[in-house]
Amino acid sequence: MSEGRGVALRVEACAKTFPNGARALEAVTLDVDHGETVVLLGPSGCGKTTLLRIIAGLEAPDAGGRVLFNDADVTDVPIEKRNVGMVFQSYALFPNMSVAENIGYGLKIRGISRKERGERIAELTELTGIGGMEQRRIDQLSGGQRQRVALARAVAIHPSVLLLDEPLTALDAALRERLRGELDRLLRTLGITTIYVTHDQAEAMALGDRIVVMRNGAIAQIGSPRSVYFEPNSRFVAEFIGAANILQATVKDGYAVLPGGRMRMPKGTFAGPVTAMLRPEAIAIIQAEGTDLCGSVESVSFTGGRQRLIVTGAADRPIVVDAPNSLRVETGQRVGLSIESSAVRLLPEDRQ
Amino acid sequence: MRDRLIVAGQFLFTALVAAFLIVPAILSMLAGITVNYFRGIASGFTLQWVIQVWDLYSETIARSFLVAGAALLATLVIGVPAAYALIVRGGRLSRAVEEIITLPLAIPGLAIALALLLVYGGFSDFRRSWLFILAGHVIFTLPFMVRAVMAVLATIDVKTLDEGAASLGAGPWRRFRDVIVPNARPGILAGALSVVTLSLGEFNLTWMLHTPLTKTLPVGLADSYASMRLEVASAYTLVFFVMIIPLLVAMQLFADISSGSRSQA
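1. Focus: the overall build of chain B
- Per the secondary structure count, chain B includes 12 helices and zero strands.
- Start at the N end of chain B and walk to the C end: the helices and strands fall as α-α-α-α-α-α-α-α-α-α-α-α.
- Dimensions of chain B, computed from C-alpha atoms along their principal axes, come out at roughly 75 × 65 × 30 Å.
- A total of 265 residues make up chain B; the buried ones form 37% of that total.
- Within chain B, counting contacts between residues at least 6 apart in sequence, those at least 24 apart form 74% of the total.

See the structure below:
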């Protein structure tokens, strides 16, 4: 299926201060390549939805901010003239229209003939897996079906940018995971420039070409899912994306000195106090005898595919370890911890 | 025991409704078609009083419907967009506007009429025309339309629906027509029903505002009670009922059908 690749998008120094004085967004600059999927990720109140609404044209940025579609300044263009496809968290489907009428509404506004509309609607219901439901009313659909209708309606108009505001949040966990897969396939098929807002890091990892981690109205880090996971630039990003052990230690002769022994640091680490991050799956459990770093198992929780251990006594705080599910280990057992120095990530001291 | 109490209570309620609502209405209408009310039904039935009322007041009756229809039109044109704007805008200013619109509910009709007369009584052409009465009726009925529509709009997420339609390329008027009005329909119908019945039955305001040439149904009724035979006044009541009841039933049915089609489809 050949869809336009969408526009290249540039958000330039866009800040947002609401009339009540609340500062929702610091001056943010962001470039999105055409066809790229960028996920805005952060806790609630971090400004991600405000940024999305500025791109959509539902909010105007403070003076000085600009939004560009393919180098054309659209800052003062209202949303109805921006040709954006938007999926709202509550879907915003029109209860007075059938599924087909909802999907075809944007095309009708654009003066597309009934016949062409019918063809496009058929194409999209097929693509989103809601074929046969064209004549249903919105209140006869399940949550997952509504989500698909909202998506079909948003992409029906061949939008320049597809904007999704927490589109899966209203669904239960199992359905969310399934739709995440479908959504990923759909976004790749369509190849439209996409901005996706979520607070769910797993969603962000699965869908984003790049992830923009946001905090307190500012961008904390931009990067591919792998780079924000493996190379977080702050303690906030490290802890927000996945589970992370954050250790405080003093480095001496290339080793971090810890209560339970020592840990080899990456080459070139300077001596002195450091903050280091370790992902739970990067730590291997080995025999306690003759190892550099030891601790005792405080708890074991078996979740099927893996088991999560809490090991105390090794560092200044309990260490979380994701171990293979075949490992036999008991609470209270003394174990050794084997850590590749390349898995240790040094973090700057957090300012906040 | 409790069941019997409930049954007794229901019976009492029915009896009270019959005694104070249905019986007086029926007797009044019967009086309108008896030859001589003081001699009772035995004096025989006649349509002469009804014919007399029709001859004397048909213009008044027509005017009443004209005013009600125009009031409905005006409240639709002003009230529905106003309700939409008040809901979408929100905030303190909207609250204040809503309060001001609702004010005529709390103020006696006579006071509103007096205020209108003080300000516009001097514009004699306006003062003498039925439009003067229409102005009063619109002021009085507008809050009913606005509140009914706002109540329905408040139950659906209008703001997001509006944004959804905007994202698909619909301008403000198109959004209002395609998305807001259809979804506000139950409220608009309920509001319309209130406006028409209130306008047709309105007496306070109209009595102050009318001239001998711009009477409405209820004012004519008062006029006939005051100055004619009891049978003529009763015949007037009969005419009033015959005109209004089918209208009310029709509007109610219309409202039921359109709201029913929403919930069951």
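2. Some remarks on the overall build of chain A
- Of regular secondary structure, chain A possesses eight helices and 20 strands.
- Over its C-alpha atoms, taken along the principal directions, chain A stretches across nearly 80 × 45 × 40 Å.
- Looking at chain A as a whole, 42% of its 352 residues are labelled buried.
- Residue pairs at least 24 apart in sequence account for 65% of intrachain contacts in chain A once pairs closer than 6 positions are excluded.

3. What about the pairing of strand E8 (residues 193-198) of chain A?
Residues and elements named next belong to chain A.
- Within E8, six of the six residues are buried, which leaves it mostly tucked inside the rest of the structure.
- Because side chains alternate across E8, one face comprises the buried residues Thr193, Ile195 and Val197, and the other comprises Thr194, Tyr196 and Thr198, equally buried.
- Looking at chain direction, strand E3 (residues 37-41) and E8 are connected through five bridges and run parallel. From the neighbouring strand, Thr37 faces E8, where its bridge partner is Thr194.
- In this view, the connection linking strand E7 (residues 161-165) to its parallel neighbour E8 by way of helix H5 (residues 173-190) has right-handed handedness.

4. A look at the packing of helix H6 (residues 130-155) of chain B against helix H9 (residues 185-201) of chain B
Residue and element names in this part refer to chain B.
- At a minimum axis separation of 8 Å, H6 and H9 run at an interaxial angle of 160 degrees. What the angle tells us is that H6 and H9 run roughly antiparallel. Once H6 is placed against H9, the crossing between them reads as right-handed. Of H9, the residues touching H6 (which contributes His137, Phe140, Thr141, Phe144, Met145, Ala148, Val149, Ala151, Val152 and Leu153) are Pro186, Gly187, Ile188, Ala190, Gly191, Ser194, Val195, Leu198 and Ser199.
- Of the residues assigned to the contact of H6 with H9, the class counts are 13 nonpolar, six polar and no charged.

5. Quick notes on the interface of chain B and chain A
- Across the contact, 17 residues belong to chain B and 18 residues belong to chain A.
- Within the residue set of the side of chain B that touches chain A, elements represented by two or more residues are helix H7 (158-167) and helix H8 (172-183) of chain B.
- If one sorts the elements of the side of chain B that touches chain A by residue count, H7(B) sits on top with six residues.
- Across the side of chain B that touches chain A, the residue classes tally to eight nonpolar, six polar and three charged.

6. Considering the sheet that holds strand E11 (residues 245-252) of chain A
All names here are of chain A.
- Strand order in the open sheet made by the five strands is E13-E12-E11-E14-E20, with antiparallel pairing throughout. At either end of the open sheet lies a strand with only one pairing partner, and these are strand E13 (261-264) and strand E20 (345-347). Along the sheet, successive strands turn relative to each other by an average axial angle of 45 degrees, direction set aside.
- Pairing analysis gives three bridges linking E11 to strand E12 (residues 255-258), with the strands arranged antiparallel. Across the sheet, residue Val251 finds its bridge partner in E12, namely Ala256.

7. Focus on the domain arrangement of chain A
All names here are of chain A.
- If you check the domain split of chain A, you get domain 1 (9-239) and domain 2 (245-347).
- Counting from both sides, the interface comprises six residues of domain 1 and, opposite them, five residues of domain 2.
- Considered class by class, the residues forming the side of domain 1 that touches domain 2 number two nonpolar, one polar and three charged.

8. Observations regarding helix H2 (residues 99-109) of chain A
Residues and elements named next belong to chain A.
- Burial runs high along H2: eight of the 11 residues are buried.
- All buried positions along H2 are accounted for by Val99, Ala100, Asn102, Ile103, Gly104, Tyr105, Gly106 and Leu107.
- Just downstream of H2 lies Gly111, where phi reads positive at about 75 degrees.

9. Description of the confidence of the model for chain A
- Confidence in the prediction of chain A, expressed as mean pLDDT, is 91, and 98% of residues score 70 or more.
- Averaged pLDDT values over the elements of chain A bottom out at 87 in H5(A) and peak at 96 in strand E9 (residues 210-215) of chain A.

10. Brief notes about the environment of Ser199(B)
All names here are of chain B.
- Tracing the sequence through the fold places Ser199 in helix H9.
- Assessed through the 28 C-beta atoms surrounding it within 10 Å, Ser199 is described here as buried.
- For the pair Ser199 and Leu217, spaced 18 residues apart in sequence, the C-alpha separation works out to 10.0 Å.
- Leaving out residues up to four positions away in the same chain, Ser199 has contacts with Val67, Ala68, Ala71, His137 and Thr141.

11. Details of the sheet that holds strand E18 (residues 319-324) of chain A
Residue and element names in this part refer to chain A.
- Ordered in space as E15-E19-E16-E17-E18, the five strands form an open sheet in which the pairing is antiparallel. Each of the sheet's edge strands pairs with one partner strand only, and the pair in question is strand E15 (283-286) and E18. In this sheet, neighbouring strand axes are inclined to one another by 50 degrees on average, regardless of whether the strands run parallel or antiparallel.
- Bridge count for E15 against strand E19 (residues 334-339) is four bridges, and the pairing is antiparallel. Bridge pairing in E19 places Ile283 opposite Ile339.

12. Thoughts on the nonpolar core
- By size, the foremost hydrophobic cluster in this structure holds 161 residues, and its most contacted members are Ile55(A), Leu163(A), Val213(A), Ala83(B) and Val149(B).
- The leading source of residues in this core is H6(B), at 16 residues.

13. Describing H6(B)
All names here are of chain B.
- For H6, with 26 residues, the first-to-last C-alpha span of 38 Å sits near the 38 Å given by 1.5 Å per residue.
- Maximum bend of H6: about 40 degrees, positioned at Thr141, with proline Pro143 one to four residues after it.
- Most of H6 is tucked away: 21 of the 26 residues are buried.

14. Quick look at the environment of Arg215(A)
- Assignment of secondary structure puts Arg215(A) in strand E9.
- Remark: the alpha-carbon pair of Arg215(A) and Leu171(A), spanning 44 residues in sequence, is separated by 25 Å.

15. What to know about unusual backbone geometry
- Residue Ala13(A) is not a glycine yet carries a positive backbone phi of 50 degrees.
- By the element assignment, Ala13(A) lies in strand E1 (residues 9-17).

Conventions we followed
- Residues numbered from 1 in each chain as written.
- Chains lettered and ligands numbered in written order.
- Predicted model: local features only at pLDDT ≥ 70, side-chain atom pairs only at ≥ 80, totals over all residues.
- Helix = DSSP H or I, 4+ residues; strand = E, 2+ residues; numbered from the N terminus.
- Buried ≥ 20, exposed ≤ 12 C-beta atoms within 10 Å, placed from the backbone.
- Contact = placed C-beta atoms within 7 Å.
- Pairing = 2+ DSSP bridges.
- Right-handed = clockwise from strand over helix to strand, strands pointing away.
- Axes fitted to C-alpha atoms, helices over the stretch in contact; angles between N-to-C directions.
- Parallel < 35°, antiparallel > 145°, perpendicular 65-115°, else oblique.
- Left-handed = near helix turned anticlockwise from the far one by under 90°.
- Nonpolar A, V, L, I, M, F, W, Y, C, P; charged D, E, K, R; others polar.
- Domains from an automatic or database assignment.
- pLDDT = per-residue confidence, 0-100.
- Core = buried A, V, L, I, M, F, W, Y, C linked by C-beta atoms within 7 Å.
- Expected span 1.5 Å × (residues − 1).
- Bend = angle between axes of the 7 residues up to and from the residue.

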